[in-house]
Amino acid sequence: MSEMQLNEKNVLYRPLFGPQGWWLLGLSALVVLVLIPIANLVLPQDSVFYVSAYWVTLIGKILCYAIVAMAMDLIWGYCGILSLGHGLFFALGGYGMGMYLMRQIGHEGQYRADLPDFMVFLDWKAFPWQWWNTDHFGWALLLVVAVPGIVAFVFGYFAFRSRIKGVYFSIITQALTFAAMLLFFRNETGFGGNNGFTDFKRILGFSITTPETRISLFVITALILILTLLIGRFVVTSKFGRVLAAIRDAEQRVMFCGYNTLHYKLFIWTLSAVICGVAGALYVTQVGIINPGEMSPANSIEIAIWVAVGGRGTLVGAIVGAGVVNGAKSFFTQAFPEYWLYVLGLLFISVTLFMPQGIVGLINQWRKPNQES
Amino acid sequence: MHSKLIFYIVVLLSGLLKPLPVLAFDRAAFESVVLAEGDERFKALDTLVAEADNQTPVLLKALLEGELQRAGKQIIWVHEGRNIDPLTQAPLSSELPDKEDVVVNNRLRGALESALAALKLVSTDHKTRLAAAKELVVSAEEGMKPIVKKALAKETDATIKALLESILATMELKSTEVPLRLQAVQVLGQSSNSNAKTALLAALEVESDEGVKQAIKTSLKQVETRLVWGQRLGLVFAGLSLGSILLLAALGLAITYGLMGVINMAHGELIMIGSYSTFVVQNLFRHIPAFFDWYLLFAIPVSFIVSALVGMLLERGVIRWLYGRPLETLLATWGISLVLMQTVRTFFGAQNVQVENPSFMSGGIVVMSNVVLPWNRIMIVIFAIAVLLAVGWTLTRTRLGLFVRAVTQNRAMASCVGVPTAKVDTLAFGLGSGIAGLAGCALSQIGNVGPDLGQSFIVDSFMVVVLGGVGQLAGTVYAALGLGFANKLLESWSGAVIAKIVVLVFIIMFIQKRPQGLFALKGRSVES
Amino acid sequence: MQKFEVFLNRFKKIAGITATASLVGLSSLGVQAEDTVKVGILHSLSGTMAISETVLKDVALMAIDEINAKGGVLGKKIEPVVVDPASNWPLFAEKARQLITQDKVSAVFGCWTSVSRKSVLPVFEELNGLLFYPVQYEGEEISKNVFYTGAAPNQQAIPAVTYLMSKEGGGAKRFVLLGTDYVYPRTTNKILRAFLKSKGVADKDIDEKYTPFGHSDYQTIVADVKKFAAGGKTAVISTINGDSNVPFYKELGNQGLKATDVPVVAFSVGEEELRGVDAKPLVGHLAAWNYFMTIKSPANTEFIKKWSAYAKAKKIPGQMDKPLTNDPMEATYIGINMWKQAVEKAKSFDVAKVSVAMGGQTFKAPSGITSMMDPKNHHLHKAVFIGEVKADGQFNVVWKTPGPVKAQPWSPYIPGNDKKKDEPALMAEKK
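Residues numbered from 1 in each chain as written. Chains lettered and ligands numbered in written order. Predicted model: local features only at pLDDT ≥ 70, side-chain atom pairs only at ≥ 80, totals over all residues. Heavy atoms only, no water.

Caption draft 1: Highlighting the overall build of chain C. When you go through chain C residue by residue, the secondary structure sums to twelve helices and 15 strands. Against the 2.2 N^0.38 benchmark of 22 Å for 431 residues, chain C shows a C-alpha radius of gyration of 23 Å, consistent with a compact globule. Projected onto its principal axes, the C-alpha positions of chain C cover 70 × 65 × 45 Å. Looking at chain C residue by residue over its 431 residues, the buried ones come to 67%. Residue pairs in contact within chain C that sit at least 24 positions apart in sequence constitute 68% of those at least 6 positions apart. In chain C, which carries 54 positive and 44 negative side-chain charges, the distance between the mean positions of the two groups comes to 1 Å. (Helix = DSSP H or I, 4+ residues; strand = E, 2+ residues; numbered from the N terminus. Rg over C-alpha atoms; globule rule 2.2 N^0.38 Å. Buried < 20%, exposed > 50% of the residue type's maximum accessible area, 1.4 Å probe, protein only. Contact = heavy atoms within 4.5 Å. Lys, Arg positive; Asp, Glu negative; His and termini not counted. Charge placed at Lys NZ, Arg CZ, Asp CG, Glu CD.)

Given below as structure tokens:
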């Protein structure tokens, strides 16, 4: 904790929020929002610069993960709360959108029935209550935001009120996501059990597999990523954000100063969960499957690892971390299918040992001596 | 299929009473039993047993145990590693063409077992008779009535007598006379055997007499009441067994995490290493079959040492650098767990490996007819208690334990008064890891041994430690047993999935009430 | 700061090594001869499914080696592209897309769980790829882009239950349908329940139970089975997922439930699953498959010999000491060979042409029969075998169908399926 305090000024503000940061942000936005769509839609397939659907979905997926990582960074990096249950909020958002997408399949399932295939399997005659109104896109959007938000709010309220913190909090969030995973695995719960939702056909009437839809979803994801970054930046640079950092570093002192830390923690925790939910909804439309595996404790731990690799308390670090780890995963599972876990495992170990402030922190350290000289 | 049993036993008994000329072993019948298919086999078996001589049980046993092979019409007995003719015992060439095993299916196996039991009912050895009677309780049939009556008349032992009476009553249920049926129903009402329930249920369906019907219902209730006690006992034992497994898995973590504040996500993999150590020791012992059963005795220290060494290596290499940063330890040890799992996959393959129970740990104690307490689970309960005592002793009675507790309570102060904290950290971590290894050794006796073994225990172990209260062995014990019982109780009532969810939700709620677990350390150090 | 620089130097070293390693990886990807054709192998090599799937990757590589040694297919050597979807279902979809669009493979051999197949199915249909799926499954699916070389329920579950009800199989009257809670057990049990009803078994004589994934404590379940068995001759039909079987069987053995009292027939337990079990207490329990390692046929002898030699040569851990073959391995082997034959018949690697040529393709399978790909429904005709566990973890075949059985992916025991066409629907609504 002490090293964070020492470098706080540099770590917190420089990489993203200086003029170079804005340049970098603008440049990446240009690449993601303009160049990739053009490269995918306009360029001919045999062009060197053609970006195939594979890359679009892969980058789209990583962008979703980057949003989740930023949500994690908001509470871990800035408020010192390590959640091992963020996979739950991500999945809840995904399921919210997934229900709508399932309804959009209409009669094109294997059984040509009114109900989704898995309900026909279970001999259900009507939609259970959870599915009420899910054929409306607006309602789905509401679910995506509200369900993770409410779950997080209720859970957070009780947990923070009881002053559960540190490792204890991490463990009970893990218990929470594990319990939810078991619940969603049950076929009777009404969310497709282990298989979850897949084989989507269309969204808002557009076929989900056309390049145009895909690129639109991709661009929306990128926009939301930028929006999240700006919101995150706004929050952490405000007075509110300073109180958060103070809570992270010495909660008791903040309380003695007269702040009710419960409100601060609860707000950032709920915001983080809602952002995760949105990311989950975007994820499901692009990847095309959502199932309880997303809630497994291992997935939530990985989210924390992205943030750690990129650098905590920097927001940009979260994006970098999500990109590096997932990029490495996609590459190594192909290049060294038998040995990629070694590479990934060693990466995690070496990052925590040698780069406690992650990649962004490393860049910072590099630049600092240069400036001083 | 047992209707013919009566016939052979009558012949046998009469053979005992008045010596008949010894019948020649019926070669044709034996060949039919071994080589024919379908009903023909069973007819031949009847004949064979009816004419049984001393050789019959030996050969039937050989067939039952899969020692017989065939090459065309020739039957081969693979006896003590040699191929011999089962009838003449003459040696046969070991290289017969198209040799294949004689297939014994469940139906034939059942028939062979009852035939052998029937042959034993007249044995002079008390134990043999008891086993035979028990066997026949399960497979009693109408046709055996006279022979059971006869055996009953001769029997002096009370236990066997009761068994035979119960067998007889089961048959009398089908009698055409109402008083006989009524009496049988009452006899069965005294039974605590689940077979009595089966018989009574079947009788209830075909019963026409109102009086008997009422009696059956009364008897059924009596039997069920007794069976329910058995089920309850089974449930309590299941809870105890699960609790002791959780305890073993969590005890190591209680030290590394509880006492030292280190979140070790690789704890599960240390358990796995313990299991694989057991596997390796077992394989070494395969070379000396005479002592195979004792491999476990050697596996215990080996799994402890291997896991402890790996743990100490991790502490020195990685965790040492991360003290005071508990949340980051979590990430580094997660990486370690990935590496360890993949290492095991590389060396041992991704499949599960076979760890065989020593013969003294197979089977179980029959407490009641519907409750069998498996030996391997009993042993694990005992083992868990032993490990617990050893850990308790180490922590409270040894110098290392003193140091560990001192460092836990106040690291800086301990260091000031001369406790070598770095060394203590390494040793304590080694101890915790070693206990995980012991857990692995125990778990290898009841479940899978594969690269993923540890993953399935890590969440549960954390729950136990957190619920029990960090740094408290007593809390760990109560939490493990409590979770074990709660899980099993709920499972019998709501199914496994819901039980697990309810338990997890309970833990979450409980932590809200008592954020420091069941037994909280009090003092300033806890707050930071 | 000094301390940090030490770390930094260490890190630079590590980073250097990693970078070199990636370059090596890249260059090996870049090199490819002109006269090769790529096929994808999509089996989990890590995560929970690695335990079952790793061996399928190996047997696929063996089959490819063998074909290449005989000159390849259409004069081209087959180049396998192995990827690891890591038992992560969304990653299956991503890897499938990668294989088809980036590596441009002609066919993919892979998947084990139903959910992984469901996850990749939209990808294969969208990109018009070709998937060979080698595992027994729940049916209720026909896709023009998938060839199913494993069994449909009528090629495994129904014959097994018929056997249990027969005199020779013990004449069971009551049934416990025990499974892991996911789609394969659910569907299979639904079909079996309807089937049992049609045979006059009442609802009260059927007990359906599900356990979560990775469930390892079967004390309560076994006690319940015992309780249920008190009501009459009972058989257990187990669709427990591979890994949970070991603790289940250990508990059965130790609680004294013998196969002669309550036989258990399993659809997911084969030679490989019993590798980790001391099979002595399990003798007599049953499994239904389309292939057993103990089947006596020249094709099987050769298959086992090849596999043993391959496992030794490649030093496959576990397999090199004790080589085992099982049903999904046979199905993988048949799949690759049939694909080769179909390519040769079509004289093209084009998915549509190969698909047409696949119909009616025959192959002399290790199980001793000549297996045929149905001309229409994309499923293999397979013989059904029922085996009893032997003390050494192998199976005694106690019953088999007289000849190959045609698959019914749309089970007639599920209402509404009678209207389904026994061939892939045209994807008219898709572009």
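After that view of the structure, there is still more to cover.
Caption draft 2: Region of the structure containing the interface of chain A and chain B. In this complex, chain A contributes 42 residues to the contact, which on the side of chain B involves 40 residues. Counting each side, the surface lost to burial between chain A and chain B is near 3,800 Å², with a carbon and sulfur contribution of 76%. The largest share of the area that chain A buries against chain B comes from A:Tyr168, A:Leu341 and A:Tyr342, three residues that together contribute 18% of it. Across the chain A-chain B interface, the total number found is zero salt bridges. Mapped by element, the contributors of at least two residues to the side of chain A that touches chain B are α7 (137–161), α8 (166–185), α13 (297–310) and α15 (340–354) of chain A. Looking at the side of chain A that touches chain B element by element, the count peaks at twelve residues for α8(A). (Buried area = accessible area lost by both parts, 1.4 Å probe. Salt bridge = Lys/Arg side-chain N within 4 Å of Asp/Glu carboxyl O.)

Caption draft 3: A look at the pattern of salt bridges. With the rule as written, the count across this model stands at 51 salt bridges over all chains. Between B:Arg107 and C:Glu168 there is a salt bridge; the shortest N-O distance is 2.6 Å. With B:Arg107 in helix α5 (residues 106–120) and C:Glu168 in the loop between α5 (157–165) and β6 (174–180), this residue pair bridges two chains. Relative accessible area serves as the criterion here: at 21%, C:Glu168 is assigned to the partly exposed category. Here C:Lys258 and B:Glu113 are joined by a salt bridge, their closest N and O atoms 3.8 Å apart. On the criterion of chain membership, the pair formed by C:Lys258 in the loop between α8 (245–254) and β9 (264–266) and B:Glu113 in helix α5 is interchain, its members lying in two chains. Assessed through its relative accessible area of 35%, C:Lys258 is described here as partly exposed. Where salt bridges share partners, they join A:Arg186, A:Glu188, C:Asp181 and C:Arg186 into one cluster.

Caption draft 4: Representation of the domain arrangement of chain B. Under the domain assignment used here, chain B contains domain 1 (20–108), domain 2 (124–229) and domain 3 (231–468). Computed from C-alpha coordinates alone, the two centres of domain 1 of chain B and domain 2 of chain B are separated by 34 Å. (Domains from an automatic or database assignment.)

Caption draft 5: Spatial organisation of unusual backbone geometry. Residue and element names in this part refer to chain C. Phi angles above zero are rare outside glycine, and Ala-86 is one such case at about 55°. Residues other than glycine seldom take positive phi values, yet Ser-87 does so here, at roughly 55°. With respect to the helices and strands, the residue Ser-87 is situated in the loop between β2 (77–83) and α3 (89–102). Here Ser-87 falls in the buried class, since its relative accessible area comes to 13%.

Caption draft 6: Here's a closer look at a nonpolar patch on the surface. Taken together, A:Leu27, A:Leu30, A:Val31, A:Val34, A:Leu35, A:Ile38, A:Leu41 and A:Val42 make up a surface patch of nonpolar side chains, about 670 Å² in accessible area. Counting through the fold element by element, A:Leu35 comes out in helix α3 (residues 19–41). (Patch = residues over 30% accessible without salt bridge, like charges linked within 9 Å, V, L, I, M, F, W, Y side chains within 5 Å. Areas by Shrake-Rupley, 256 points an atom, 1.4 Å probe, with all protein chains shown as cover.)

Caption draft 7: Quick peek at the pairing of β2(C). Residues and elements named next belong to chain C. In the sheet, strand β1 (residues 36–42) pairs with β2 via seven bridges, with the strands oriented parallel. Counted as the bridge partner of Lys-38 is Glu-79 from β2. After leaving β1, the chain enters helix α2 (residues 50–69) and then returns to the sheet as β2, a path that is right-handed. (Pairing = 2+ DSSP bridges. Right-handed = clockwise from strand over helix to strand, strands pointing away.)

Caption draft 8: Expanded view of the nonpolar core. In this structure, A:Trp76, A:Phe197, A:Trp269, B:Tyr257, C:Leu42 and C:Trp339 are the most contacted members of the largest nonpolar core, which totals 289 residues. When residues in this core are grouped by element, the largest group, 15 residues, is from helix α12 (residues 261–287) of chain A. Membership of the second largest hydrophobic core comes to 32 residues, among which are C:Tyr218, C:Tyr249, C:Trp289 and C:Ala383. (Core = buried A, V, L, I, M, F, W, Y, C linked by side-chain atoms within 4.5 Å.)

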